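As a plain string of letters, each chain reads:
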Amino acid sequence: MNICEGTKKALEENKCIREKPYKVKVKPIKGDVGTIMGLDGSHPVKGWQPTARELVSESWEVME
């Protein structure tokens, strides 16, 4: 799925998104900056900014 579809679904389900096969996930938050972290939740960093490649990718998935 694309990043828009993934973000909408993640917000509805209070989950994260990730672009396969990368080992990081993003927690989108309404009205604030998203947080990027390891798949296990380690090393959270606020303020993730997607690249143009990430914005057009169709390899996004929703996850815990």
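Refer to the preceding data block for the structure.
Residues numbered from 1 in each chain as written. Predicted model: local features only at pLDDT ≥ 70, side-chain atom pairs only at ≥ 80, totals over all residues. Heavy atoms only, no water.

Caption draft 1: Main features of the packing of aromatic side chains. For the structure shown, the criterion picks out one aromatic pair. Between Trp48 and Trp60, the aromatic rings sit 6.1 Å apart at their centres with planes inclined by 65°, giving edge-to-face as the arrangement. Remark: Trp60 occurs in strand β5 (residues 60-63) and Trp48 occurs in the loop between β4 (45-46) and α2 (52-56); sequence separation between them is 12 residues. (Phe/Tyr/Trp six-rings, centres within 6.5 Å; stacked < 30°, edge-to-face > 60°. Helix = DSSP H or I, 4+ residues; strand = E, 2+ residues; numbered from the N terminus.)

Caption draft 2: Geometry of the side chain of Arg18. Relative to the elements of secondary structure, Arg18 occurs in strand β1 (residues 16-19). Of the polar contacts made by the side chain of Arg18, one reaches the backbone oxygen of Tyr22; its length is 2.7 Å. A polar side-chain atom of Arg18 sits 2.5 Å from a polar atom in the side chain of Glu61. (Polar contact = N/O pair within 3.5 Å; in protein donor to acceptor, adjacent residues only side chain to side chain.)

Caption draft 3: Representation of helix α1 (residues 3-13) within the structure. Listed as buried for α1 are Ile3, Gly6 and Ala10. Buried residues in α1, looked at end-on, bunch into an arc of 65°, giving them a common side. Within α1, the exposed residues directed more than 90 degrees away from the buried face are Lys8 and Glu12. On its buried face, α1 is in contact with β1, α2 and β5. Regarding α1, its N-cap is Asn2, as a side-chain oxygen of that residue lies 3.0 Å from the backbone nitrogen of Cys4 further along. Just beyond α1, the residue with positive phi is Asn14, at close to 55°. (Buried < 20%, exposed > 50% of the residue type's maximum accessible area, 1.4 Å probe, protein only. Arc of directions from axis to C-beta. Contact = heavy atoms within 4.5 Å.)

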